[in-house]
Amino acid sequence: MRSLIDILDFSVEELDELIGVANDIIANPEAYSEKCKGKKLATLFFEPSTRTRLSFEAAMLELGGSVLGFSEANSSSAAKGESVADTAKTISCYADIIAMRHPKEGAPLVASQNASIPVINAGDGGHNHPTQTLADLLTIQREKGGFNNLTVGFCGDLKFGRTVHSLITALSRYEGINVVLISPDELKLPSYVKKDILAKNNIPYKQTTDLESVMPELDILYMTRVQRERFFNEEDYLRLKDSYILEPRKLKNAKPDLCIMHPLPRVNEISVAVDDDPRACYFKQVLNGKYIRMALILKLLEEAKR
Ligand code: CP
């Protein structure tokens, strides 16, 4: 049974295929409106979400399917001590595909090993968020025309930012990628990502604490929120939370075709004044997330038939 747990579960060719289907859905939505008639998506969210859960639900509804699930652990039998494995076996009796978010790294993998239906990782702790990466890739493809020869700056909480880990992993398979890592010392990219992804794939990268000094180099600026929920103490969070606040004046030396991205939710790290800048792409990412999740559901359900 095919699932999506890590972005590397799909080849570059399969990602191209998904992006192609998503672009076709954008162009011809009516052609897809009954593709999942009679199918059910279960959204099992053990952690809060707005975009991921509701875009999965909207995606399945726009494909003509139905949705069931829960949006917090406390309203499921996890609150009574049920294991992820038993939950996955149970939901396999009720639905055709699962999208799961969980605070524990590896929980969706355990679910996929126990379910008899495809499981999609909708974010596991500070580890991975492959469907956000699909939304990011579709956005980059639509804004930049492809993935080669891009200088991509990642700014903010690179330690706990699972969307950063997944997108760096995805981009490491393309040609001419340069990575600029912008963070406070305490929130640097984990060394396993630098060693196993960047160094292993010969991706040039540099680390800095100063966003404005590298701004002119960037084709893409990927801002991230400092993740309060992953901190061990509130004092450290309060000290670091406003390390970077993107404001219009800080963009004066940026490229005219810079693509400003953010997986959202934002707190303070992008001023609302930036929203009117034509280079702001973060709400396009939100919409693209729905279309690429439609393409993903179609692909995994098609493969489950084989
Ligand atoms: N980008 C993202 O995962 O947003 P939510 O937490 O709202 O799902």
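Just so you know, the residues in each chain are numbered from 1, in the order the chain's sequence is written. Given that this is a predicted model, residues contribute local features only at a pLDDT of at least 70 and side-chain atom pairs are listed and counted only at 80 or more, while totals for whole chains, interfaces and linings are drawn from all residues. Note: side-chain values were computed over all heavy atoms of the structure, leaving out hydrogens and water.

## Comments concerning the site of the ligand
Convention followed: The criterion for a residue being near a molecule or strand is simple. One of its heavy atoms has to lie within 4 Å of it. Polar contact is defined as a pair of N or O atoms within 3.5 Å, subject to the rule that within protein one atom must be able to donate a hydrogen and the other to accept it, and that residues adjacent in sequence are counted only when both atoms are side-chain atoms. Residue-level accessible areas treat just the shown protein chains as cover; the underlying method is Shrake-Rupley with a 1.4 Å probe. Put simply, Ala, Val, Leu, Ile, Met, Phe, Trp, Tyr, Cys and Pro go in the nonpolar bin, Asp, Glu, Lys and Arg in the charged bin, and everything else, Gly too, in the polar bin. The split into domains, and so the bounds of each, comes from an automatic or database assignment of domains.
Around the ligand, the neighbouring residues are S49, T50, R51, T52, R101, H129, Q132, P263 and L264. Here an oxygen atom of the ligand sits 2.9 Å away from a polar atom, N or O, in the side chain of R101. One nitrogen or oxygen atom from the side chain of H129 is found 2.8 Å from an oxygen atom belonging to the ligand. Notes on the ligand: free accessible area 250 Å², of which the protein chains cover 91%. Partitioning the shell around the ligand into residue classes produces two nonpolar, five polar and two charged. Two domains each put at least three residues into the shell around the ligand: domain 1 (7–128 + 287–305) and domain 2 (130–285).

## What about the sheet that holds strand β8 (residues 220–223)?
As a general point, the strands of a sheet are linked pairwise by backbone hydrogen bonds and lie either parallel or antiparallel. Put simply, the rule reads: By definition, two strands form a pair when at least two bridges between them are found by DSSP. Runs of H or I in DSSP of at least four residues are treated as helices and runs of E of at least two as strands, each being numbered from the N terminus. Only C-alpha atoms enter the line fits that serve as axes; for helices the fit covers just the stretch in contact. Angles between N-to-C directions range over 0 to 180 degrees.
In spatial order, the strands read β7-β6-β5-β8-β9; together these five strands make up an open sheet with parallel pairing. In this open sheet, the two strands that pair with only one neighbour each are β7 (205–208) and β9 (259–261). Neighbour-to-neighbour, the strand axes of this sheet turn through a mean angle of 15 degrees, independent of strand direction. Sheet analysis places β8 next to β9, joined by three bridges and oriented parallel. Along β9, the bridge assignment pairs I220 with C259.

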